[in-house]
Amino acid sequence: MTDSKYFTTTKKGEIFELKAELNSDKKEKKKEAVKKVIASMTVGKDVSALFPDVVNCMQTDNLELKKLVYLYLMNYAKSQPDMAIMAVNTFVKDCEDPNPLIRALAVRTMGCIRVDKITEYLCEPLRKCLKDEDPYVRKTAAVCVAKLHDINAQLVEDQGFLDTLKDLISDSNPMVVANAVAALSEIAESHPSSNLLDLNPQSINKLLTALNECTEWGQIFILDCLANYTPKDDREAQSICERVTPRLSHANSAVVLSAVKVLMKFMEMLSKDLDYYGTLLKKLAPPLVTLLSAEPELQYVALRNINLIVQKRPEILKHEMKVFFVKYNDPIYVKLEKLDIMIRLASQANIAQVLAELKEYATEVDVDFVRKAVRAIGRCAIKVEQSAERCVSTLLDLIQTKVNYVVQEAIVVIKDIFRKYPNKYESVIATLCENLDSLDEPEARAAMIWIVGEYAERIDNADELLESFLEGFHDESTQVQLQLLTAIVKLFLKKPTETQELVQQVLSLATQDSDNPDLRDRGYIYWRLLSTDPVAAKEVVLAEKPLISEETDLIEPTLLDELICYIGTLASVYHKPPGAFVEGGRGAVHKSLPPRTASSESTESPETAPAGAPSGEQPDVIPAQGDLLGDLLNLDLGPPVSGPPLATSSVQMGAVDLLGGGLDSLIGGPNFVTPPAATVPANLGAPMGSGLSDLFDLTSGVGTLSGSYVAPKAIWLPAMKAKGLEILGTFTRQVGSISMDLQLTNKALQVMTDFAIQFNRNSFGLAPAAPLQVHAPLSPNQTVEISLPLNTVGSVMKMEPLNNLQVAVKNNIDVFYFSTLYPLHILFVEDGKMDRQIFLATWKDIPNENEAQFQIRDCPLNAEAVSSRLQSSNIFTVAKRNVEGQDMLYQSLKLTNGIWVLAELRIQPGNPNFMLSLKCRAPEVSQHVCQAYETILKN
């Protein structure tokens, strides 16, 4: 008979009857009663009144009855904490039961009862179970430690359970190892600063040994733990990869993706010249292809991960194009994702195959899919130049079908093709103009208007075509109105005599009759330009446009590297770091790929820093070069800041006031005016942000002569990304002044002039204090060294990471963008030494949760040498004492924005590993201050 009978009852006074049955002497009757209680609890009835009676049933040898009572207990212990204490004795007894299943059941239930009053009674039984002879009990106890840590972290640390957990990593049973790793990982996630999983080659070896014998979930825990380890060199990385590779053939897709994550991370350290590197690439393709034969939901997750992998290492799947061809019965979300990957893998070798496939998709019935397929044809034309002609003829064939939405998408992508290959395919304009009347979507209408305005001189009746759009001007969307305004101004500049009336009409509609501020502002700009200086208007409106890049939707390199570390998790499906969608501290841990070894520098990613650059300062080129359209708006290209920043409304990152005069000065052709040098002295900091500011007299002027550590120059902008301009650079701080030392090399075939530089808003307001002075034109193959003074009075906006600096450099050829990480010690000011008493009071005043602890490894200096080296970089020793043979240095430093950081550095003579504790009112800077300590002490 099934258990459904427990859910049906016609009796009255049910609780009373259950109470009587629970106290019955007959075991069977008791068990039936407990089952009824659990059934009532399951459907939502309140049976908490039976708590004492159910707890009495715990004294039994029957495993099934015990499980049911424990289930009840977990549910009601929180609402009846005082009653729950009655069960503690039974737990303690059950933890010593001869049956290991009962011991494990007791310890598992203990972990699930989240009642503070009980937790301290459970420590002793848990300690015994962690050292139990039976592995099933030990593995259950390991998970219980993580649950207990969630309830009372301090108790777990005081009782030494974390050390016991670490010991379990060396257990002989693989499932115990896996659960210990899972528990430690869980605890480490909620406490990112604690160095719980202190992995070393010995413990890694134990994990890899356990990996082969674990269950699939155990394997996932161990693989995820391995992914957080950074091998000491490429040989160790290769050894781990060889032992992880067999997991790729596992039946569980989660194990496969976890293994792929480990291999993708460690491949970063392998040299591309190694035979093993090529073998590994070949081994990675089949498991990824196999994932695509699973059910659609799994396929989608696999495709989202493959999308990241293909952006990082396209060579893995370059021969597997066919598996991404769409099947007729694929759900739409799988179809769209496959389409995206097809375009990423498109190359000259397979473009014919891809185009034939895309043309087929464009005749499907699913409208969204057809639109994406037509767009994909355009993206192929932009990506693979040799295929552009074939793509254009395919698009023209699709336009001839006269299917409305196909025609509109085709016109939108042809506009992009014109932008990529100007003066090449203009012969198709006549065909496009025939379809003018059928366009009803704003994007298609705007694209068609852009084409007419851009090529007005080639279209005889351009004025009539634009006039036809003008008739319903106020009914059009903003996008179309703005495009129409620009197109008519272009037409006027090309054919001034015939279109004077038309331009006056559109300017009047845009400025006097419109409510839209964007449209009005653009209208007034054009009006003033045309009325004051038509020549300048021509230079602005008809200026040569930058070519669009082939991959405008690539994920930014630093984010891509972080997402590779999250393969097989939700972050890899959303394509966002966990911090963007996980609340609380859990999403705040930033992961990054291990630093590349000198020999593994990728030819595909020339923006990588050379091996000599410190790993913390790997610069990244932000946009794909040529993708300047959106990116011009992402950087605030004003002249160098020469005073406090203007008050701006709280705009989001990347937004910028286009009319602020900043953009024109940097992009404005040959009439570029060099802005005046900044009048603010370079060592003047931003307003003080700390409550301690009033304790110090900061007006006493110049700092002492100090020379802080200067990192070797790294490649910030490779010539490949900047049309021949190569920029190497580093940051220095001397005598209270910060400067950016640049080395510009012209690797192009033409002379470079008119240099200018601008920074985006950043966390500490860094800005050029003077223009970028390149006194003579830079001839081909010539190199020039420049020191650019910086100040910290620029606009402030918190960056991710905190020390990220986005830079735009302009010359007579183009505007180029890159980003780099500046070392925080350039912001340590000369008056950062605190009085002892104030130090003591401040240390006590800053809350304990703001304290962060770090370990500085492999630093063979004594306390005197450490103190002297740090002082040269403005980290001052306030006091020093010796405690039990340890040297304790108490230090202070101050940042340019007034933030004070207090430090305690513990040095054990003969031990090259130091302990550093940092306290600060802005704890987010602590990590970067620790990096500065490491950089200064190790160089």
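What you see as residue numbers is a count from 1 along each chain, following the sequence as written. Predicted model: local features are reported for residues with pLDDT of at least 70 only, side-chain atom pairs are reported and counted for 80 or more only, and whole-chain, interface and lining totals are derived from all residues. Side-chain calculation: all heavy atoms of the structure are included, whereas hydrogens and water are not.

Naming follows an unreviewed UniProt entry, where the protein chain appears as AP complex subunit beta of Myotis myotis. UniProt positions are given in the numbering used here, feature names are shortened, and annotations may be inferred rather than shown by experiment. The record in UniProt for the protein chain states the following under Subcellular location (unreviewed entry): "Endomembrane system". UniProt, in the comment section headed Sequence similarities (unreviewed entry), describes the protein chain in these words: "Belongs to the adaptor complexes large subunit family."

J.: For the overall build of the protein chain, give the residues involved together with the corresponding values.
T.: Along the backbone of the protein chain there are 38 helices and 13 strands. A burial count over the protein chain gives 53% of its 939 residues as buried. Contacts are assigned to residue pairs that have any heavy atoms within 4.5 Å of one another. Expressed as a percentage of contacts within the protein chain between residues at least 6 apart in sequence, the contacts between residues at least 24 apart total 68%. Only DSSP runs of H or I covering at least 4 residues are called helices, and only runs of E covering at least 2 are called strands; the numbering of each starts at the N terminus. Think of it in three bands: with a 1.4 Å probe and only protein chains considered, a residue is buried below 20% of the maximum accessible area for its type, exposed above 50%, and partly exposed in between.

J.: So what's going on with the side chain of Ser-258? Which residues, and what values?
T.: Relative to the helices and strands, Ser-258 resides in helix H17 (residues 253–267). The definition of a polar contact used here is a pair of N or O atoms within 3.5 Å, where within protein one atom must be able to donate a hydrogen and the other to accept one, and adjacent residues in sequence count solely through side-chain atom pairs. Of note is the side chain of Ser-258, whose polar atom sits 3.4 Å from the side chain of Asp-224.

J.: Got a sec to walk through unusual backbone geometry? Specific residues and values, please.
T.: Here Glu-800 and Pro-801 are connected by a cis peptide whose omega angle stands at -5 degrees. Its place among the elements puts Pro-801 in the loop between strand E6 (783–791) and strand E7 (804–810). The phi dihedral of His-575 is positive, around 60 degrees, even though this residue is not glycine. Considering the arrangement of structural elements, one finds His-575 in the loop between helix H33 (570–574) and helix H34 (628–632). The class for His-575 is buried, based on a relative accessible area of 14%. For Val-735, which is not a glycine, the phi torsion comes out positive at approximately 45 degrees. Among the structural elements, Val-735 can be located in the loop between strand E2 (725–734) and strand E3 (737–746).

J.: Describe the packing of aromatic side chains, with residues and values.
T.: Only Phe, Tyr and Trp rings are paired, with Trp represented by its six-membered ring, and only when their centres lie within 6.5 Å; those with planes under 30 degrees apart are stacked, over 60 edge-to-face, the remainder tilted. A complete count under the given rule lists 11 aromatic pairs for this structure. Plain terms: the ring middles of Tyr-300 and Tyr-333 are 5.5 Å apart, the flat faces sit at 90 degrees to each other, and that makes the pair edge-to-face. One end of the pair, Tyr-300, is in helix H19 (residues 296–312); the other, Tyr-333, is in helix H20 (residues 332–345), with 33 residues separating them in the sequence. What makes Tyr-300 partly exposed here is its relative accessible area of 24%. You can call Tyr-333 partly exposed: its relative accessible area is 34%. Ring pairing ties together the aromatic residues Trp-716, Phe-731, Phe-818 and Tyr-822, which thus form one cluster. Against the face of Phe-369 rests Lys-335, its NZ or CZ located 5.1 Å from the ring centre. Two conditions define a charge located above a ring, namely a distance within 6 Å from the ring centre to NZ of Lys or CZ of Arg, and an angle within 35 degrees of the ring normal.

J.: Can you explain the pattern of salt bridges? Please cite residues and give values.
T.: Any carboxyl oxygen of Asp or Glu that lies within 4 Å of a side-chain nitrogen of Lys or Arg is treated as forming a salt bridge with it. The final tally for this structure, using the stated rule, is 35 salt bridges. When the shortest N-O distance is used, the salt bridge between Asp-132 and Arg-103 registers 2.8 Å. With Asp-132 in the loop between helix H9 (123–130) and helix H10 (135–151) and Arg-103 in helix H7 (residues 100–112), this pair connects stretches of sequence that are 29 residues apart. Accessibility assignment for this pair places Asp-132 and Arg-103 in one class, buried. Close ionic contact of Lys-713 with Glu-785 constitutes a salt bridge, the shortest N to O distance being 3.2 Å. Residue Lys-713 is found in the loop between helix H35 (662–667) and strand E1 (714–717), and its partner Glu-785 is found in strand E6; the two are separated by 72 residues along the sequence. Using a relative accessible area of 30% as the deciding quantity, one classes Lys-713 as partly exposed. Where salt bridges share partners, they join Arg-371, Arg-375, Glu-409, Glu-441 and Glu-443 into one cluster.

J.: Let's hear about the sheet that holds strand E5 (residues 767–768): which residues, and what values?
T.: Sheet architecture is open: 5 strands sit in the order E1-E2-E3-E6-E5, paired in antiparallel fashion. Edge positions in the open sheet fall to E1 and E5, since each of these has one partner strand only. Pairing between E5 and E6: 2 bridges, direction antiparallel. Bridge assignment links Pro-768 to a residue of E6, and that residue is Leu-790. Strand pairing is assigned whenever DSSP detects at least two bridges linking the two strands.

J.: I'd like a description of the packing of helix H22 (residues 367–383) against helix H23 (residues 388–400), backed by residues and values.
T.: To define axes, lines are fitted to C-alpha atoms, for helices over the stretch in contact only, and angles between the resulting N-to-C directions are given on a 0 to 180 degree scale. Two elements in contact, H22 and H23, have axes whose closest approach is 8 Å; the angle formed by their N-to-C orientations is 160 degrees. Between H22 and H23, the interaxial angle falls into the category roughly antiparallel. Crossing handedness for the pair H22 and H23: left-handed. In this structure, H22 uses Val-374, Ile-377, Cys-380 and Ala-381 to contact H23, whose residues at the interface are Ala-388, Cys-391, Thr-394, Leu-395 and Leu-398. Each residue gets one label: Ala, Val, Leu, Ile, Met, Phe, Trp, Tyr, Cys and Pro are nonpolar, Asp, Glu, Lys and Arg are charged, and the others, such as Gly, are polar. For the contact of H22 with H23, the residue count by class is 8 nonpolar, 1 polar and no charged. We call two directions roughly parallel when the angle between them is under 35 degrees, roughly antiparallel when it is over 145, roughly perpendicular when it lies between 65 and 115, and oblique otherwise. Put simply, a crossing is left-handed when the front helix is turned counterclockwise from the back one by less than a right angle, and right-handed when it is turned clockwise.

J.: Mind laying out the environment of Ser-271, listing which residues take part and the relevant values?
T.: Relative to the assigned elements, Ser-271 resides in the loop between H17 and helix H18 (275–291). In this structure Ser-271 comes out as buried when scored by relative accessible area, which is 7%. Between the C-alpha atoms of Ser-271 and Asp-234, which are 37 residues apart in sequence, the distance is 7.8 Å. Here the side chain of Ser-271 touches Asp-273 through a polar contact of 3.1 Å, landing on its backbone nitrogen.

J.: An account of the side chain of His-825 is needed here, citing residue identities and associated values.
T.: Mapped onto the fold, His-825 is located in the loop between strand E8 (815–821) and helix H36 (836–845). On the accessibility criterion, His-825 (1% relative accessible area) is buried. Non-local contacts of His-825, meaning those with residues more than four positions away in its chain, are made with Ser-708, Tyr-709, Arg-733, Ser-873, Ala-932, Thr-935 and Ile-936.

J.: Can you tell me about the sheet that holds strand E11 (residues 886–894), naming the residues and giving the values?
T.: Overall, antiparallel pairing links the 5 strands, which are arranged E9-E13-E12-E11-E10 in an open sheet. Taken across any chain shown, the strands that pair with only one partner, and hence form the sheet edges, are strand E9 (851–856) and strand E10 (876–883). When strand polarity is set aside, the average angle formed by the axes of neighbouring strands in this sheet is 20 degrees. Of the pairings in the sheet, the one linking strand E12 (residues 900–907) to strand E13 (residues 914–920) comprises 6 bridges and is antiparallel in character. Looking at the pairing, Val-901 lines up with Cys-920 of E13. Along the sheet, helix H37 (residues 863–871) contacts E10, E11, E12 and E13; its crossing angle with E11, the most-contacted strand, is approximately 5 degrees.

J.: Residues and numbers for helix H27 (residues 462–470), please.
T.: Considered for burial, the residues of H27 that qualify are Ala-462, Leu-465, Leu-466, Phe-469 and Leu-470. The buried side chains of H27 occupy one side of the element, clustering within an arc of 145 degrees when seen end-on. At its buried positions, H27 is contacted by helix H25 (429–434), helix H26 (442–454), helix H28 (478–494) and helix H29 (500–511). An arc is given here, and it is the one of the directions from the helix axis to the C-beta atoms.

J.: Give a detailed account of the nonpolar core, specifying residues and quantitative values.
T.: Counting 212 residues, the largest nonpolar core has Tyr-72, Leu-126 and Phe-418 as the members making the most contacts within it. For every domain, the bounds stem from an assignment made automatically or drawn from a database. Counting residues domain by domain, this core receives three or more from each of domain 1 (346–439) and domain 2 (441–542). Phe-418 has contacts with Tyr-425, Glu-426, Val-428, Ile-429, Leu-432, Trp-450, Ile-451 and Tyr-455, leaving out every residue within four places of it along the chain. We call a set of buried residues a nonpolar core when its members are Ala, Val, Leu, Ile, Met, Phe, Trp, Tyr or Cys and they connect through side-chain atoms within 4.5 Å of each other. Core analysis: the second largest hydrophobic core is formed by 65 residues, Tyr-709, Met-752, Leu-805 and Ala-852 among them.

J.: Explain the packing of helix H24 (residues 404–420) against H26 residue by residue, including any values.
T.: Axes are the key here: two packed helices are described by the angle between their axes and the distance separating the axes. Interhelical geometry of H24 versus H26 gives an angle of 40 degrees and a closest axis separation of 8 Å. With respect to H26, the element H24 is oriented oblique. Every pair of crossing elements has a handedness; the one defined by H24 and H26 is left-handed. On H26, the residues touching Gln-408, Ile-411, Val-412, Lys-415, Phe-418 and Arg-419 of H24 are Glu-443, Ala-444, Ala-447, Met-448, Trp-450 and Ile-451. Within the contact of H24 with H26, the residues separate by chemical class into 8 nonpolar, 1 polar and 3 charged.

J.: Summarise the environment of Asp-440; cite the residues concerned and give the values.
T.: Relative to the helices and strands, Asp-440 resides in the loop between H25 and H26. Linking Asp-440 and Glu-476, residues 36 residues apart in sequence, is a C-alpha distance of 9.9 Å. Non-local contacts of Asp-440, meaning those with residues more than four positions away in its chain, are made with Asn-404, Gln-408 and Arg-445. Within polar-contact distance, the side chain of Asp-440 engages the side chain of Gln-408 at 2.6 Å.

J.: How would you sum up the confidence of the model for the protein chain? Please name residues and give values.
T.: Per-residue confidence from the prediction method is given by pLDDT, with values spanning 0 to 100. Here the protein chain shows a mean pLDDT of 79. Residues at 70 or above account for 85%. Counted against residues more than four places away or in other chains, residues 598–706, with its pLDDT under 50, gives 214 contacts.

J.: Any details on the pairing of E2? Residues and values, ideally.
T.: Within E2, 9 of the 10 residues are buried, leaving the element largely enclosed by the surrounding structure. In this sheet, E3 lies alongside E2 in antiparallel orientation, the contact comprising 10 bridges. The residue bridging Gly-729 from the neighbouring strand is Leu-742, located in E3. The turn linking E2 back onto E3 is made up of 2 residues, and Val-735 within it adopts a positive phi angle of 45 degrees.

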